[in-house]
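Now for the letters of each chain:
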Amino acid sequence: MTENKLDPARQAVLDAERAINEQYQDEIRRLLARQPGLIKQVAITQSQQWTESSLPRPEIDSTATTAIIGRVALNRDHPYSDDLGQTFYIAGWRIKNDGLETVNWAAPVASLFFEGRSSVYPIASSLRGRRTFVQRRDDLIDYSDEIEHDTSADPFKSLTRHLEIPAAPTRHSPISEPDEKRYKSTGPHPADRHETPTIEPGGQLVAASFAVDKGRFAGIRAADAVARVVQEPKRGRMGPVLPTMQPDQYRHVSAPSDRGLIVQGQPGTGKTVIALHRAIYLSSQERGSNRIARLAIIGPSEGYTEYVRPILDELSEPGATIDVFSLPDLLRSISGLSSFPIYGPISQIECSWELGRVIDKFVRAMAQRPKSGRIYPRVRQVVEALKRANESEVADAEVLAWIRALPNWNEVLAQIRYLPMLATIALALDPRPVSERFSHLIVDEAQDIRPLEWRIITTSLLEPGGSLSLFGDVNQRRSDWTALSWHQLAVDLEMTDEHGRFLVQELGKGFRSSKQILRFANQLLPRGKRNEHALQDGPKPTVLKVSPDSLITAAVDSAIELTSRHLGVVAVICAEPRPVWLEFRRRAWTRGRNQHNWTLDDATVVALRHDQARGLEFDAVVVVEPGAFPTTETLNDTTTENVGRHGVLYTSLTRANKELTVVHSQRLPRHLRPPR
């Protein structure tokens, strides 16, 4: 792939494809203007004929249009030539009008684009080439071609002239007005200058501050497009990653839904990408009778739901229900709470399978069980009754002792450690009807969900016979009270086959953090887990030792300095973000749309507590006082280390795409040496 200033021949090809994309966009707009509830989907059935159906889509946002994803070239005489022709486009929406046809990315034939000739689709051997588009919002800014080795000539070159191409669009690649103002005095927009990498003849993919070793791209589909996409600024929402989805990722996305799926991957390997697109794929009409019309995604935080929602809005199909829950908000909703409990440690009893069984049995046996009214006061009545329980009502002595030691009601509400207990009581009083549950649940950051929370998720959201897809990284495990391994979790959730077996799918390549960031963070992992398969090279992490009095000012200074080099979002991650917020306010930064966002002159910094950063990514990150990050859980006044790992800190260090700064006044954790 070249830089944005393309040679004339390549620019002509891109303009022609952009014109097709404009035609695609115009057709979508006409469809929505003419009949907002209409969108047509298409598939090739086993009888090899095109079939069309239409369902209302009242929830569609008229601005939620995406660019075309890619293009496939086939041999002239392939068996389906009457339907597919020699070339077809892949897109998020099915369009068939005015000489333009696009195939839905979830259609079986689209596997040719994602998997190439390794696809099981019947005409895979007829594939001649694939063109992957690099998107920016709803426009195309570049492309990458992959030609089959036995193809003597460029298969797309001869096809371009057969297309009826309207005039190339005159608009520039879309750039928001604030971005233009921010960079008008500093030269080209970062996304359009030499920060975009280019593969040189020597085999190195280079950029102003970053480089990608071409040798690491072995087995990577559309490698130069991937290199460009990973360099795109991070804007607080997941960017368009569907065009560059890799074959192994696509196989996990399209895996059968009737058996459990567990995907393990280190930071930046694409777990969340697979999780989201799996939800969209499973709910697609392209799957016919195998379609799952109702499913849900469970994520770790409210920030996660905001991060992923736009992709779901853009690609979800008519008639599909894909709900996204953050685990804390789900528990609060079930319990009827409007307040936000304070983050803190949790002990083994309050997150155990046994506590759930005790609560269910106790509520069923209550002579004066509260049966009507708002759930909140009824839950409180059960808590007060539990505190008066005797040995005949709660047989487990350890659980009974824990219940009797519960604090007053206001303290119970204030601490997040009691939230699973409150939600369990609420469900014991009012079980969720089966009609409100989902056929499939996709759980991201699954390694951090505790037994009682799993019990709540499966009993309140999963219909009988439903299935699970789990995504996570055991190296980011944050607590000793979660399952120690995927094997233990598969057994606990009954995901094993009749022989007690299960398969964990492992992702290897890292698409987010640079090798230098991973090498620094991986010092916290056991030696056998220190995988550094990253595509990017970048600057070594910066480690600043400061006095305690200057810790917050140094952290904010570092974040502001990073905003001068990166167009995307910069994050400050710490154990307690309030002092950071106050420092930004003192410097006349203004709060954004939520309490975590701070802006000045169109620069944005997000200040988060460590648990709020899970599942997110940023251009650059400042991690403040690593020694203050929790590494222990407390049980009966004894402290146990989380199996020798610093999962909370490790997760925070690996949120950065390009640059990482660590600011500390205390000693760094034992294994975390400064970069050399």
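Quick caveat: nothing in here was measured; it's all calculated off a predicted structure. (Residues numbered from 1 in each chain as written. Predicted model: local features only at pLDDT ≥ 70, side-chain atom pairs only at ≥ 80, totals over all residues. Heavy atoms only, no water.)

Within the element layout of this structure, Glu-146 appears in strand S8 (residues 139–147). Along the chain, Glu-146 and Gly-129 lie 17 residues apart, while their C-alpha atoms are 5.5 Å from each other. Only 3.1 Å separates the side chain of Glu-146 from the backbone nitrogen of Ala-222, close enough to count as a polar contact. (Helix = DSSP H or I, 4+ residues; strand = E, 2+ residues; numbered from the N terminus. Polar contact = N/O pair within 3.5 Å; in protein donor to acceptor, adjacent residues only side chain to side chain.)

Further remarks concern the sheet that holds strand S26 (residues 656–664). On the basis of which strands lie adjacent, the open sheet formed by 7 strands has the order S18-S26-S23-S19-S22-S21-S20 and mixed pairing. The open sheet terminates on both sides in strands that have one partner only, identified here as strand S18 (542–545) and strand S20 (590–591). Pairing between S18 and S26: 4 bridges, direction parallel. By the bridge assignment for S26, Lys-545 is matched with His-664. (Pairing = 2+ DSSP bridges.)

Relative to strand S14 (residues 321–326), strand S13 (residues 294–299) is paired through 6 bridges, and the arrangement is parallel. Counterpart to Arg-294 in the pairing with S14 is Thr-321. Once the chain exits S13 it traverses helix H9 (residues 302–315) before rejoining the sheet at S14, and the crossover so formed is right-handed. (Right-handed = clockwise from strand over helix to strand, strands pointing away.)

Counted according to the given criterion, the structure contains 34 salt bridges. The shortest N-O distance in the salt bridge between Arg-251 and Glu-115 comes to 3.6 Å. Here Arg-251, found in helix H7 (residues 247–253), pairs with Glu-115, found in helix H3 (residues 111–115); they are 136 residues apart in sequence, far enough to count as distant. Here Asp-497 ties to Arg-501 by a salt bridge, and the two come within 3.3 Å at their closest N and O atoms. A residue is classified by how much of its surface remains accessible, and Arg-501, at 52% relative accessible area, is exposed. Within the structure, one salt-bridge network assembled from shared partners comprises Glu-17, Arg-71, Arg-131 and Asp-145. (Salt bridge = Lys/Arg side-chain N within 4 Å of Asp/Glu carboxyl O. Buried < 20%, exposed > 50% of the residue type's maximum accessible area, 1.4 Å probe, protein only.)

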